[in-house]
Amino acid sequence: MIVSSNPTWGGSEELWFAAATRLAASGHIVTALKPNLDDPHRSAELRRLGVNALDSNGLLFLPAPLVNRAAAYAPLTGAVTRGARVRRALRATKPDFALLSQGGNFDGGLELSKLQRHGGRYGILCQQAGEFYWPVDRSLPHLRAGFRAARFVAFVSEHNWRLSEEQLGIELPQGLVVRNPFKVPWDGASSWPAEEPLRLACVARLNPPEKGQDILLRVLARPKWRSRALQVSFFGGGEYRRGLEAMASYLQIENDRFCGFSNDVPAIWKDHHALVLPSRCEGLPLAIVEAMLSRRVAFVTPDAGAGEVIQDGIDGYLASSPTEDGLDEVLERAWSARANWRNMGTKAAENIRKKVPPRPEEQLMSLILANCGGQP
């Protein structure tokens, strides 16, 4: 059984989705529960491949879409129904193993409590951790016990693993790093685009508190960036798009584009020279891995796993901090060396293949099967 606590669908869902569908295609019985499971493509794909996909906000007497809308205004409504649905599914399916997939590192506390009470074997997958997301004191004993009892705790970066141990105040000897799957060919590489203007892609969910698009807009509003032959394309969806567009208009920025969400990642890199990612909080962004695999150089803040895959000045650029001055400084360094971006992108493609496996979901599948008695 897969239990996701994340109310949205983003890069944090791709790992469990890939593992679940491959397990089901291999003949294993898989049930997946997730709040707001209303993406028609994803839910249909899960069911087509034999996964029993359930919206964890739905109950027999209340349709899931109604509960999802109510939960947006009254979170307690969603918590009550979600807890009941998870508990009922555990009792009905009696899974050999359950995986809790979290968008962060502690947002699945409710689901974790149900797994603990059920008493079966389970593992935890943490997709992100940040210094400004801490467990409150009243939940700390429960989280410590829940993490300790997990057969494994998987993180997408070493940074997230270390920070989670510090925030819980305990060691997690069963912790390990599992990377996320990506949407570009492992052996492919995008051809280099036409030179003028230089085009940067900011590929991230439109969520400025975490992804920092507001930092980038303020930097673009500085006089020197207004005068340069540079264009920045924002790729991603989210409930902050109108606000970010309004901010760009207010700052009178003219070299930006909001392109919405794109599922065709290779097409992004056919038309852009580099990635810019001003994140305040991350795990290991898929956008970095996909850009590097596509022979593109990345200019990113040093948050979470970025420093684990990028060598500053060799195959990418790391800012000193997730601030306007930090981002401006790293963009200036990159701009001064723009004639070398193409060569750096080639190095990035070589180096990232040494740090990320071609099919990360197979590692997660092996962990699940090893802990439920199956064979990888």
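From a predicted model like this one, the values you see are computed outputs, not experimental measurements.

Caption draft 1: The overall build of the protein, seen in detail. Along the backbone of the protein there are 17 helices and 13 strands. What you see for the protein is a C-alpha radius of gyration of 21 Å, in line with the 21 Å of a compact globule of 376 residues. Based on the C-alpha atoms only, the size of the protein along its principal axes is roughly 60 × 45 × 40 Å. Residue burial in the protein is summarised as follows: out of 376 residues, 56% are buried.

Caption draft 2: How the structure looks around helix H15 (residues 324-336). Its 13 residues give H15 an end-to-end C-alpha distance of 18 Å, which sits within 8% of 18 Å, the value for a rise of 1.5 Å per residue. Taken together, the buried positions of H15 are Gly326, Leu327, Asp328, Val330, Leu331, Ala334 and Trp335.

Caption draft 3: The pairing of strand S10 (residues 256-260), seen in detail. Burial of the side chains of S10 is restricted to one face: Asp256, Phe258 and Gly260 are buried, whereas none of Arg257 and Cys259 on the reverse face is. In this structure, strand S9 (residues 230-235) lies alongside S10, joined through 4 bridges in parallel fashion. If you follow Ser233 over to S10, its bridge partner there is Arg257. Once the chain exits S9 it traverses helix H11 (residues 241-250) before rejoining the sheet at S10, and the crossover so formed is right-handed.

Caption draft 4: Representation of the packing of aromatic side chains in the model. For the structure shown, the criterion picks out 12 aromatic pairs. What links up through ring pairs into an aromatic cluster is the set Trp9, Trp16 and Phe17. Between Arg228 and the ring centre of Trp225, over which it is positioned, the NZ or CZ distance is 4.5 Å. The ring of Trp186 has Arg353 sitting right over it, with the charged end atom 5.5 Å from the ring centre.

Caption draft 5: Highlighting the confidence of the model for the protein. Overall, the predicted model of the protein reaches an average pLDDT of 90, with 92% of residues at or above 70. Of all the helices and strands in the protein, helix H3 (residues 64-73) carries the lowest mean pLDDT, 55, while helix H9 (residues 213-220) carries the highest, 98.

Thresholds, definitions, all that
- Residues numbered from 1 in each chain as written.
- Predicted model: local features only at pLDDT ≥ 70, side-chain atom pairs only at ≥ 80, totals over all residues.
- Heavy atoms only, no water.
- Helix = DSSP H or I, 4+ residues; strand = E, 2+ residues; numbered from the N terminus.
- Rg over C-alpha atoms; globule rule 2.2 N^0.38 Å.
- Buried < 20%, exposed > 50% of the residue type's maximum accessible area, 1.4 Å probe, protein only.
- Expected span 1.5 Å × (residues − 1).
- Pairing = 2+ DSSP bridges.
- Right-handed = clockwise from strand over helix to strand, strands pointing away.
- Phe/Tyr/Trp six-rings, centres within 6.5 Å; stacked < 30°, edge-to-face > 60°.
- Lys NZ or Arg CZ within 6 Å of the ring centre and 35° of its normal.
- pLDDT = per-residue confidence, 0-100.

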